[in-house]
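In case you want the letters, here they are:
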Amino acid sequence: MSLSDFRYSARCLLKNRAFAAIATLTIALGIGANTSIFTAVNGVLLKSFSFPEADRLVVVTGVSKSLADLGVSYPDYLDWRAENRVFVDLAARFPAGGVIAGIGEPERVFGRYVTASFFTTLRVQPQIGRFFNEDEDKAGAARVLVMSDGLWRRRFNADPAVIGRAINFNGASWTVVGVLPANFDFYGRSNGNNDLFLPMIGTYANESFIHDRGRYPCAVSRSFGRALASAKPRSR
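Here the structure is a predicted model, which is why all the values come from computation and not from measurement.

Description of empty space enclosed by the protein
- Using the criterion set out here, one finds 1 cavity of 30 Å³ or more in the structure.
- For the largest cavity, the calculated volume is near 40 Å³.
- Every residue lining the largest cavity is listed: Glu136, Ala141, Ala142, Arg143, Trp174, Pro199, Gly202 and Thr203.
- A per-class count over the lining of the largest cavity returns 4 nonpolar, 2 polar and 2 charged.

So, helix α5 (residues 149–156)
- Among all positions of α5, only Asp149, Leu151, Trp152, Arg155 and Phe156 are buried. For α5, the angular spread of the buried residues around the axis is 165°, confining them to a single face.
- Of the residues flanking the end of α5, it is Asn157, one or two places downstream, whose phi is positive at about 55°.

Focus: the confidence of the model for the chain
- On average, residues of the chain carry a pLDDT of 74, and 61% of them reach 70 or more.
- For the chain, per-element mean pLDDT is lowest for strand β9 (residues 218–222), which scores 47, and highest for strand β4 (residues 128–129), which scores 97.
- Confidence over residues 36–47 falls short of pLDDT 50; this stretch has 4 contacts with residues more than four positions distant or in other chains.
- Scored below 50 in pLDDT, residues 219–236 makes 64 contacts in the model with residues more than four places away or belonging to other chains.

Criteria and cut-off values
Residues numbered from 1 in each chain as written. Predicted model: local features only at pLDDT ≥ 70, side-chain atom pairs only at ≥ 80, totals over all residues. Heavy atoms only, no water. 1 Å grid on protein atoms, 1.4 Å probe; cavity = no way out; pocket = protein on both sides within 12 Å on 5 of 7 lines; lining within 4 Å. Points joined across faces, edges and corners; volume = space filled by probe spheres on them. Nonpolar A, V, L, I, M, F, W, Y, C, P; charged D, E, K, R; others polar. Buried < 20%, exposed > 50% of the residue type's maximum accessible area, 1.4 Å probe, protein only. Helix = DSSP H or I, 4+ residues; strand = E, 2+ residues; numbered from the N terminus. Arc of directions from axis to C-beta. pLDDT = per-residue confidence, 0-100. Contact = heavy atoms within 4.5 Å.

Take a look at the structure:
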């Protein structure tokens, strides 16, 4: 566009200010929509997970006649893991949410209850401390947790002395045993759901739903290759 074309366009817009306002708003909405779409696609489809051999990670789920993604009951997960001849390892997870207190203002946090195999399945290492083990993911075990780098920094000023410290989560005392690396972003939402990771069975061993094949937490697995990602467990 030449300078004269630009001046002519500017004069036209000044003469019709209503049209100019609508045009400006339309362009702004278009830019905003494209930015939002790119952010979502980049985070979900283009941006790689920050795990070793991330292309070998798959989600294993149950299916039914009416639902394509039913989740997995914990008893089924145990059976699949015991009979597994396909995947390197399996780990189960389901949502965790609540409030941490006793450290400044209470804060609502989110994360996951996970089996002890969760971190080894993803092949990640803690930034400091350690991850909980199989003995700590059993009924009667002491309450321990792993926190995100984000939570560690905003609530504890990145103090390494957080390891071994007891914090109040949902009215109970939990001991911090590890802090995740800063680039850990399992859910693709900039650590928004990665605040805490707690032992699944150590927390819920006595709850009836954990033993019920009619209830369906999810499972994540590391496979031997992408081709296995389409494998389906038995239908219900």
